[in-house]
Each structure stands twice: as C-alpha cells, then as structure tokens.
Amino acid sequence: MTRKRKQLPLLENILVTGVAAEGKAIAKVDGRAVFIPLAVPGDVVDVQLTRKKNSFAEGRVVRFEKYSETRTEPFCVHFGVCGGCKWQMLPYVEQLKHKQQQVADNLERIGKVDLPAITPIMGAPQTTFYRNKLEFTFSNKKWLTEAQIAGGETFDNMNALGFHIPGMFDKVLDINKCWLQDDLSNQIRNAVREFCLENGYPFFDLRNQEGLMRTLIIRNSSIGEWMVIVVFYEDDPERREKLMEFIAGKFPQITSLLYIVNQKANDTITDQEVIAWRGRDHIYEEMEGLKFKIGPKSFFQTNSEQAYNLYRVAHDFAQLSGEETVYDLYTGTGSIANFVARNAKKVVGIEYVPEAIQDAQENSRLNGIDNTVFFAGDMKDILTAGFITEHGRPDVIITDPPRAGMHNGVIDTILLAEPERIVYVSCNPATQARDLSLLDSNYRVTRVQPVDMFPHTHHVENVALLEKR
C-alpha cells in the first residue's frame, strides 16, 4: 500500500525579493529561501509549495496579490508553458542587472579571488529573433495547456510540432509563433506541419518508436542563408519526396535543404548520414571579413551578432601583437582561433569532436589562413607537457570550455605552460569561478566582461582576463 503524500502548505502574501539560480525568483519565509518560477522582485504572491527541505523550499504561484512595478507583459503566447524565455516578464534592463549580479556573485562567493571592477554587461542589440538555430520535435502526444483543458477543447488528433515540455520527455507543445528566430522559421515550421497533417503523415511516437516525422532543424545566418533539415524516422521515399518538393517550392529562400533518416532511439544526428536534397550541404556566416562554413552537424554560437561581440572581447583581452603563439582550447569549429589568427604568429586549436576540427580546418582554408593547426581529442589527454614541447609554449591561452568548466588536469597543464595571459570565455560563471580559484596561485584576474547572448533567459556568458603574477 503506497503512502499518501502529505499536502504541502500554501503560503500567502509572500513578497518576492530577488532572482536566484536558474532564473527563479526568491523569497524568504521564516528564514527559509523559497524559489518560485515566473515571478519577479516586487511581486506579492500566494505560493503553493511543491518541495520543502530544511533550508529551502520550491513552489509555484497560484495567485498574484500585487504585481511588481518592474514587471512587464510577456509578448509570446507560449510564455510560461514551453519552458523557454523565462524572463519575458522582466524588462530587458532589469534582466541585464540580474545577469551582471549573477556574474559578480559567482566570482566573489565561489572564486574568492581578488577582482577588478566588473565592466558593465554587454547587452544584446537584438532581443527577439536573435537565434540562428532551432530544433522542433514532431510528436503524436500534444501537450494541452490548462486553458485548453478548462475550456473543454477537443482535437481530431494529438499531433504537434514544437518544443518538448520540461520534464515531459514525450510531450510536445504545438508552437504557433516563436520569437527566437527570424519569422521565416515560423512560416517554414507551420507550413510543414500543415502539409503533414493534411496528407496524413504520422508524427513520431517516442514511447513506441514509430511514425514518419521526427524532427525539423532550421538554421540561418546573418547574410540571409537558410538551412532546413527534415529528420524522418521511417524510410518512406514516396512521402519523403513529396514533402521535400513542397518545402523547396514554397520556400525558395532555402539555400540548403537536407534530410536524414534516423531510426535510432535518440534524436542525435552526429552519427547519421545527411542527404543534400537541394542546394549546398552547408551555409555560410560572415564576421569581420571572415567566412565560416556551417554544416548540419557544426557547432556555431547560436546568436551570431553577439558571438561577434564576444569574439571581439576575447581578441581585445588577448592583446596580440602578431608575435604570439596562441592556444585555443575547446576550439569548436575554430571560430575564435580563426578570428584572432591574423594578429598572431601561430594558433593551435584543440577540440574533442573530430567533425568540428574538420570544420575548423576548412574555415582556415576558406579564409586563406595558414598559421592555424587543429587537433581532435580529449583535452586532458592532448594538452600535455609533451604536446607543449612539440608545438611551442603558448604566450596566450584562450579557453572556452563547456558548462562543466575545465578538467583539473587541463588546469595543471596550463599552470605548467605558464602563458603570459589567459582569456577565459565561459557560459557558466559558477564553474568559471571555481577554475579561476585554481589558477589564482599563478594568475590574477585583471579584467571581467559579461556578455548577454540569450535575452529573456537567465543564461550569461562571461570573459575574464588572467595575467601572470
């Protein structure tokens, strides 16, 4: 016999006082921190607790007693349901304040190192339609909103094309308009969904692993090039050709129309064959006179405009005269490596993903850059004392690790290499702070520049310059 879960209390007239980790708001009740999504500082709310521990609790707003004066109206009809853009109810200037504070708090509380004054955060010039890549999922299990359920709305089918509901691996919210990518993305997605519905194409059933339509990936660049990748589960040439013909005819703007038949249990395409159905198998991005080739499996910063600003900060912090050997760790497709190469003597890029290294090499060739070399493999295994002896001691190290930060072995090798400067680009100030603490014995932080890559989310990038003591 299962034990009935105890009903957690309802907290009334709670004043929201701040913003905490993961973008949730925070309130203090009887000395306990209560984390609340979709609220902003200044709101007075009734909160139904969903989790309660000794030192903290979590809950959801069931009633707004008073709205904060800093609150603004969300502009997306899917706000609060799809799980993205959680800060739309915060004016952008307030978002930037909280992101700046997030960087400061992490560096001070976790890093515990001496810091210079943190430069004001570099906000995004464009706060909507700023992404260059989105991935949508086909599902035969549409997520019904509370309003749809309460209204007794009925559906002829439960097919949806949109985003996964957080915490619901097989439920997908049908997206009408997303404000993240140029509106042509909305037109393509909606047209593909309508075509598939009208022609009876079965949407994917994740639990039973069946259905024709699996995912739709749309990429674009700042120079107006578009890539559309249709991922099928079943291999049905007749239906596939009919859909691809429809897309090509309706959207001549697409420069790269591709498809994949993926019959694996998961959605990753890194190990799948990509077929170019029409046009090139890649698109191009341009940045400060450089061209970057982007394929269906390529990693590229998803905000092109802010990526350029981020690279400019990294380049500025590196202080290159043209005589330096630069190591670019976690180089990805070599974007930063190629960006700084014309002001360096030599750039050595290291990345785990072999396909990314091929892109990096191709991008160097494409731009006539001949002073870069790239190596694929696990950073901690490649970056060794022997590697440094063979390829030269770095004068400058630029590092842009994943959210988990750098492996301790990599930090040890950096300390051994003794570069004059380290430029640390991070998408997670918490792990960056931890790594700065480990480097603090030999390096002091002299400049800090936060950069907002993702408006209306809690995510923030940060660039730190470390100079040898």
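Quick summary incoming for the structure in this document.

Parameters and conventions
Residue numbers restart at each chain and count upward from 1, following the sequence in its written direction. Residues qualify for local features only when their pLDDT is at least 70, as the model is predicted, and side-chain atom pairs are given and counted only at 80 or more; totals for whole chains, interfaces and linings, by contrast, use all residues. To get the side-chain values, all heavy atoms of the structure are used, and hydrogens and water are removed first. Each helix is a run of DSSP H or I of at least 4 residues and each strand a run of E of at least 2, with the numbering of both proceeding from the N terminus. Atoms counted for the radius of gyration: C-alpha only. Globule rule: 2.2 Å times the number of residues to the power 0.38. Burial classes follow relative accessibility: with a 1.4 Å probe on protein chains only, a residue under 20% of its type's maximum area counts as buried, one over 50% as exposed, and anything between as partly exposed. The contact criterion used is simple: two residues touch if any of their non-hydrogen atoms lie within 4.5 Å. We get accessible surface area from the Shrake-Rupley algorithm with a probe of 1.4 Å; when it comes to residues, only the shown protein chains can shield them. Throughout, disulfides are identified as pairs of cysteine sulfur atoms within 2.5 Å of each other. Among buried residues, the Ala, Val, Leu, Ile, Met, Phe, Trp, Tyr and Cys ones that are joined through side-chain atoms within 4.5 Å form a nonpolar core. Two strands pair if DSSP finds at least two bridges between them. A cavity here means a set of points on a 1 Å grid, drawn over the protein atoms and nothing else, where a 1.4 Å probe fits but cannot get out; a pocket is an open set with protein on both sides within 12 Å along at least five of seven lines, and a residue lines either one if it has an atom within 4 Å of a point. Grid points are joined across faces, edges and corners, and a volume is the space filled by probe spheres set on the points. Classes in brief: Ala, Val, Leu, Ile, Met, Phe, Trp, Tyr, Cys and Pro nonpolar; Asp, Glu, Lys and Arg charged; the others, Gly included, polar. Handedness of a crossover is defined as follows: with both strands directed away from the viewer, a clockwise route from the first strand across the helix to the second makes it right-handed. Angles here are taken between N-to-C directions and fall from 0 to 180 degrees, while the axes themselves are lines fitted to C-alpha atoms, restricted in helices to the stretch in contact.

Considering the overall build of the protein
Point 1. Within the protein, the regular secondary structure consists of 11 helices and 22 strands.
Point 2. At 24 Å, the protein has a C-alpha radius of gyration in line with the 23 Å of a compact globule built from 469 residues.
Point 3. Once the C-alpha set of the protein is aligned to its principal axes, its extents read approximately 70 × 65 × 45 Å.
Point 4. Expressed as a percentage of the 469 residues in the protein, the buried residues total 52%.
Point 5. For the protein, restricting intrachain contacts to residue pairs at least 6 apart in sequence, the fraction spanning at least 24 positions comes to 64%.
Point 6. Split by element, the accessible area of the protein, about 21,600 Å² in all, is 48% carbon and sulfur.

Observations concerning the environment of proline 166
Point 1. Along the chain, the position of proline 166 falls in the loop between strand S8 (160–164) and strand S9 (172–174).
Point 2. Distance in space between the C-alpha atoms of proline 166 and valine 81 is 8.8 Å, their sequence separation being 85 residues.
Point 3. Sequence-distant contacts of proline 166, defined by excluding residues within four places in its chain, comprise Val81, Cys82 and Gly83.

Here we look at the state of the cysteines
Point 1. All chains considered together, the criterion is met by 0 disulfides.
Point 2. In this model cysteine 76 remains outside any disulfide bridge; the closest cysteine sulfur is found in cysteine 82, 6.2 Å from its own.
Point 3. Looking at cysteine 196, it has no disulfide partner, and the nearest cysteine sulfur is the one in cysteine 178, 19 Å off.

Overview of the nonpolar core
Point 1. Formed by 80 residues in total, the largest nonpolar core has its most connected members in Ile188, Met213, Leu216, Val230, Leu243 and Val423.
Point 2. With near-sequence residues (within four places) excluded, methionine 213 lies in contact with Phe138, Cys196, Tyr201, Pro202, Phe203, Phe204, Val230, Val231, Phe232 and Leu243.
Point 3. Among the nonpolar cores identified, the runner-up in size contains 37 residues, and Leu383, Tyr424, Ala433 and Tyr443 belong to it.

A word on the sheet that holds strand S3 (residues 25–29)
Consider a sheet: its strands pair through backbone hydrogen bonds, and that pairing is either parallel or antiparallel.
Point 1. The strand order across the open sheet formed by 6 strands is S1-S5-S6-S4-S3-S2, and the pairing between neighbours is mixed. Unpaired on one side and paired on the other, strand S1 (10–15) and strand S2 (18–19) mark the two borders of the sheet.
Point 2. Bridge analysis of S1 against strand S5 (residues 44–52) gives 4 bridges, and the strand direction is antiparallel. Paired with leucine 11 across the two strands is valine 47, which belongs to S5.

Some thoughts on the layout of surface pockets
Point 1. By volume, the second largest pocket is sized at about 1,300 Å³.
Point 2. Considering the residues around the second largest pocket, the lining is formed by 33 residues, among which Pro37, Leu38, Arg60, Gly80 and Val81 are closest to the centre.
Point 3. Listing elements by their share of the lining of the second largest pocket, those giving two or more residues are strand S6 (56–66) and helix H2 (146–150).
Point 4. With 7 residues, S6 is the single largest residue contributor to the lining of the second largest pocket.
Point 5. By residue class, the composition of the lining of the second largest pocket is 17 nonpolar, 8 polar and 8 charged.

Examining the pairing of strand S19 (residues 396–399)
Point 1. Taking every second residue as pointing to the same face, both faces of S19 are buried, with Val396 and Ile398 on one and Ile397 and Thr399 on the other.
Point 2. Bridging between strand S16 (residues 325–329) and S19 involves 4 bridges; their strand directions are parallel. Within S19, the residue paired with aspartate 328 across the bridge is isoleucine 398.
Point 3. Direction of pairing for S19 relative to strand S20 (residues 421–426): parallel, over a ladder of 4 bridges. Residue pairing across strands places isoleucine 398 opposite valine 423, the latter belonging to S20.
Point 4. Once you follow S19 into helix H10 (residues 408–417) and on to S20, the crossover reads as right-handed.

Remarks on the sheet that holds strand S12 (residues 256–261)
Point 1. One open sheet holds the 7 strands; their spatial order is S9-S8-S7-S10-S11-S12-S13, and the pairing between them is mixed. Because the sheet does not close on itself, it has two edges, and the strands there are S9 and strand S13 (275–279). The mean inter-strand angle of the sheet, taken between neighbouring strand axes irrespective of direction, is 30°.
Point 2. Here strand S10 (residues 213–220) runs beside strand S11 (residues 226–232); their pairing, made up of 7 bridges, is antiparallel. Bridge pairing in S11 places methionine 213 opposite phenylalanine 232.
Point 3. In the packing of helix H3 (residues 183–198) onto the sheet, contacts are made with strand S7 (133–139), S8, S9, S10 and S11, and the angle to S10 comes to roughly 160°.

Notes on unusual backbone geometry
Point 1. With a phi angle near 50°, cysteine 85 is a residue other than glycine that sits in the positive phi range.
Point 2. Structurally, cysteine 85 can be placed in the loop between S6 and helix H1 (92–111).
Point 3. The phi angle at glutamate 288 is positive, at roughly 50°, despite the residue not being glycine.
Point 4. Mapped onto the secondary structure, glutamate 288 falls in the loop between strand S14 (283–287) and strand S15 (290–294).
Point 5. Overall, glutamate 288 belongs to the partly exposed group, its relative accessible area being 40%.

Observations regarding helix H11 (residues 429–439)
Point 1. All of the buried residues in H11 are Pro429, Thr431, Gln432, Ala433, Asp435, Leu436 and Leu439.
Point 2. Where H11 is buried, its residues meet H1, H10, S20, strand S21 (443–451) and strand S22 (461–468).

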